[in-house]
Amino acid sequence: MKLLILDRDGVINYDSDAYIKTLEEWIPIPGAIEAIARLSRAGWTIAVATNQSGLARGYYDLATLETMHARLRQLVAEQGGEVGLIVHCPHGPDEGCDCRKPKAGMLKHIASHYAVELAGVWFVGDSSGDLEAARLVDCQPVLVKTGKGQRTLAKPLPAGTLVFDDLAAVAAQLLQ
Ligand SMILES: O=P(O)(O)OC[C@@H](O)[C@H]1O[C@@H](OP(=O)(O)O)[C@@H](O)[C@@H](O)[C@@H]1O
Ligand SMILES: [Mg+2]
Ligand SMILES: [Zn+2]
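Read on for a plain summary of the structure. Keep in mind the model is a prediction, meaning the values are calculated, not measured.

Hydrogen bonds along the backbone pair up the strands of a sheet, which may run parallel or antiparallel. Taken in spatial order, the six strands line up as E3-E2-E1-E4-E5-E6 in an open sheet, and their pairing is parallel. What marks the edges here is a single partner per strand, and that holds for strand E3 (86-89) and strand E6 (162-164). Across the sheet, the axes of successive neighbouring strands diverge by a mean angle of 20°, strand direction being ignored. The sheet contact formed by strand E2 (residues 45-51) and E3 spans four bridges and is parallel. Across the sheet, residue Thr50 finds its bridge partner in E3, namely His88. Its contacts with the sheet put helix H3 (residues 62-77) on E2 and E3, and the angle it makes with E3 is roughly 150°.

Dropping the structure here:
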């Protein structure tokens, strides 16, 4: 199974230090929707693992989050593709959950959903926590320079991290 796991904010859509709190603030990064659709049409299963502590912080509710994910699914479907499982961590940083990145609970959830091993599966993120979560479960850590990627690049990266300009470049590499 060709499985690709994506972080959301800063990879699929623009991120904000003020969080993405409304559907109007959820704006796809140029090329990201097309990249997901191209990969999907080529037989890749695209899953998403996203921290959403804004829920615990009360910045937005689950219904609003779901409208963003419905929009993502709609935009990809309009290009003949499909988005697979989207997993989010609703907890705050102090709740000690097992799903918040840099922990790997969401990646494990995705693996069990599809009954696949995670070793070598590319996990594409923009933050250090994404890369750390990948390493914990032997995924291939992949950093994009969008979102917080440039800040992340300024710090030491986990060994073997692959770096791309954006999700479109990741897709181009995988579809070579
Ligand atoms: O990149 P993903 O995982 O899809 O989502 C990140 C968001 O949940 C938010 O995560 C927050 O981190 P804290 O949760 O406050 O540490 C901040 O980095 C926000 O800027 C960001 O929008
Ligand atoms: Mg992110
Ligand atoms: Zn959690």
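Moving on to the coordination of the zinc ion (ligand 3). Distances from the zinc ion (ligand 3) to its protein donors, Cys89 (SG), His91 (ND1), Cys97 (SG) and Cys99 (SG), fall at 2.0 to 2.3 Å. Each of the four donor atoms around the zinc ion (ligand 3) contributes to a set of angles spanning 101 to 117°, which defines the coordination as tetrahedral. Counting gaps between the donor residues of the zinc ion (ligand 3) yields the pattern C-x1-H-x5-C-x1-C. According to the relative accessible area criterion, His91 is partly exposed, its value standing at 24%.

Moving on: the coordination of the magnesium ion (ligand 2). Bound to the magnesium ion (ligand 2) are the protein donor atoms Asp7 (OD), Asp9 (O) and Asp126 (OD), situated 2.1 Å from the metal. All donors of the magnesium ion (ligand 2) belong to a single chain; written as a sequence motif, their spacing is D-x1-D-x116-D. Each of the two residues, Asp7 as well as Asp9, counts as buried.

Counting across every chain of the model gives two aromatic pairs. Consider the rings of Tyr19 and Tyr59, whose centres lie 4.9 Å apart with planes at 65°: the pair is edge-to-face. Placement of the pair is Tyr19 in the loop between strand E1 (3-6) and helix H1 (32-41) and Tyr59 in the loop between helix H2 (53-56) and H3, with a sequence separation of 40 residues. Here Trp122 and Phe164 contribute two aromatic rings whose centre-to-centre distance is 5.9 Å and whose plane-to-plane angle is 35°, an arrangement assigned as tilted. Within this pair, whereas Trp122 is found in strand E4 (residues 122-125), its partner Phe164 is found in strand E6, the two being separated by 42 residues in sequence. The residues Trp122 and Phe164 share a single accessibility class, namely buried.

Cut-offs and rules
- Residues numbered from 1 in each chain as written.
- Chains lettered and ligands numbered in written order.
- Predicted model: local features only at pLDDT ≥ 70, side-chain atom pairs only at ≥ 80, totals over all residues.
- Heavy atoms only, no water.
- Pairing = 2+ DSSP bridges.
- Helix = DSSP H or I, 4+ residues; strand = E, 2+ residues; numbered from the N terminus.
- Axes fitted to C-alpha atoms, helices over the stretch in contact; angles between N-to-C directions.
- Contact = heavy atoms within 4.5 Å.
- Donors = N, O, S within 2.8 Å, 3.2 Å for Na, K, Ca; no water.
- Tetrahedral: all angles 85-135°; square planar, octahedral: opposite > 155°, others 65-115°.
- Buried < 20%, exposed > 50% of the residue type's maximum accessible area, 1.4 Å probe, protein only.
- Phe/Tyr/Trp six-rings, centres within 6.5 Å; stacked < 30°, edge-to-face > 60°.

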